[in-house]
Amino acid sequence: MKLWIDIENPPQVQYLLPVRAACEAAGVETVITARDYGSTVAMLQAAGVEAHVFGSRVGRAKTRKVLALLARARQLTGLFASIGRPDVLLAASRPAALAAWRLGIPSLVIGDYEHASLSLYRLTGSTLLYPDVIERSAFRGRGLRDAQLVPFNGLKEDLTFADVDIDATAPYDLGPVSDDAVRVLFRPPSETSHYYHEASTTMTQQTLAWLAQAGALVVFSPREPEQAGYLHGLPWTHPPVVLDRPAPFLALLKSVDAVVCAGGTMLREAAYLGVPAYTILQSEIGGVDRWLAQIGRVKILAGPEDLSQIELVRRGSLRPLASNPRLVDELVELIGDRAGAARTPSRHPV
């Protein structure tokens, strides 16, 4: 069996490579493709993974996004026309799903945010693998069919931390900062995503002003370089630390006392580890984040009136969630089943 894994952004490196490692240990050949986005390629290189790279970041304009999607799908299809068709795709990528449909192979797509754009997956007949804390009706309401929906127990962070020795990872060196300062890792919203709402940027600016007044040491992880401008002119007790290059995600999380961000993978990774996590997302809150809030791992800040809920205290020891330690093995079994079913001719006439 030949498995194709497509990786479009840095978080996908973290949760898809453990599946690749488990598949290769089981004797499965894998082919990795990637998009040149953020630190994606550098992370793959650091992991010793060779990838075929197609596509790069595009702006917010919808037309450019559509054209880039179609172009990347065409490039991916062309790759396998030259090196041989895989048996199954595992990804979280619309261009890859479209290419898999053109190649006539099953596509398994991991998704943990039901408010993302899903219409193309409906058209390509992709199977959506999603955490079972999200209601099936949320995806049905977006046009996906029951046959396309496969829930799994646990979170995608069970994949991310599957083979990671959390205790052995040293905290990230933030440089010469005060030892007694409460360190808050801050991640602003993605202002080019299709679900972006301008209110998230307004809430970002209000939250940074509150953190400055409260005396926090902000470790700012911008999605775009110009977002560092949100820090200017605020009454900081401790000068903010601006991350101008990618930092190892686990080491970074271990170096701070709390995380404030506009939803996304960083929020869920922090919550999974037991780092106090706060979301300021002003778009629709997903089922995973709501579940994490219900079990006390995330606080949802709906507006500036909720900012006082941020507790500026030194963090205690980590308490990883480990919601499903077997998730990697379960996905490997599912991939094998889907690939095998696709290679077996139907006994019933079409």
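Caption draft 1: Inspection of the nonpolar core at higher detail. Ranked by internal contacts, the top residues of the largest apolar core, which has 43 residues, are Leu128, Phe139, Leu144, Leu185, Val219, Val259 and Leu273. If you tally residues by element for this core, the top one is helix H10 (residues 265-273), at six residues. Residue contacts for valine 259: discarding those within four places in its chain leaves Leu185, Leu253, Met266, Ala270, Val275, Pro276, Ala277 and Tyr278. By size, the runner-up hydrophobic cluster in this structure holds 30 residues, among which are Ile7, Leu17, Ala92 and Leu327.

Caption draft 2: Molecular detail of the side chain of aspartate 112. You can see aspartate 112 is positioned in the loop between strand S5 (107-110) and helix H5 (119-124). A distance of 2.8 Å separates polar atoms of two side chains, one belonging to aspartate 112 and the other to lysine 156. A distance of 3.1 Å separates polar atoms of two side chains, one belonging to aspartate 112 and the other to arginine 268. Aside from chain neighbours lying at most four places away, what touches aspartate 112 is Pro131, Ile134, Lys156, Glu157, Arg268 and Val288.

Caption draft 3: A look at the confidence of the model for the chain. Residues of the chain with pLDDT of at least 70 account for 97%, and the chain-wide mean is 93. Segment residues 345-350: pLDDT under 50, and zero contacts once partners within four positions in sequence are set aside and those in other chains are kept.

Caption draft 4: Region of the structure containing the sheet that holds strand S11 (residues 258-261). Reading across from one edge, S10-S9-S8-S11-S12-S13 is the order of the six strands in this open sheet, with parallel pairing throughout. Of all strands in the sheet, those with a lone pairing partner are strand S10 (241-242) and strand S13 (298-300), marking the two edges. Two strands pair when backbone bridges link them, and strand S8 (residues 183-187) and strand S9 (residues 217-220) are joined in this way by four bridges, in the parallel orientation. From the neighbouring strand, arginine 183 faces S9, where its bridge partner is leucine 217.

Parameters at a glance
- Residues numbered from 1 in each chain as written.
- Predicted model: local features only at pLDDT ≥ 70, side-chain atom pairs only at ≥ 80, totals over all residues.
- Heavy atoms only, no water.
- Core = buried A, V, L, I, M, F, W, Y, C linked by side-chain atoms within 4.5 Å.
- Buried < 20%, exposed > 50% of the residue type's maximum accessible area, 1.4 Å probe, protein only.
- Helix = DSSP H or I, 4+ residues; strand = E, 2+ residues; numbered from the N terminus.
- Contact = heavy atoms within 4.5 Å.
- Polar contact = N/O pair within 3.5 Å; in protein donor to acceptor, adjacent residues only side chain to side chain.
- pLDDT = per-residue confidence, 0-100.
- Pairing = 2+ DSSP bridges.

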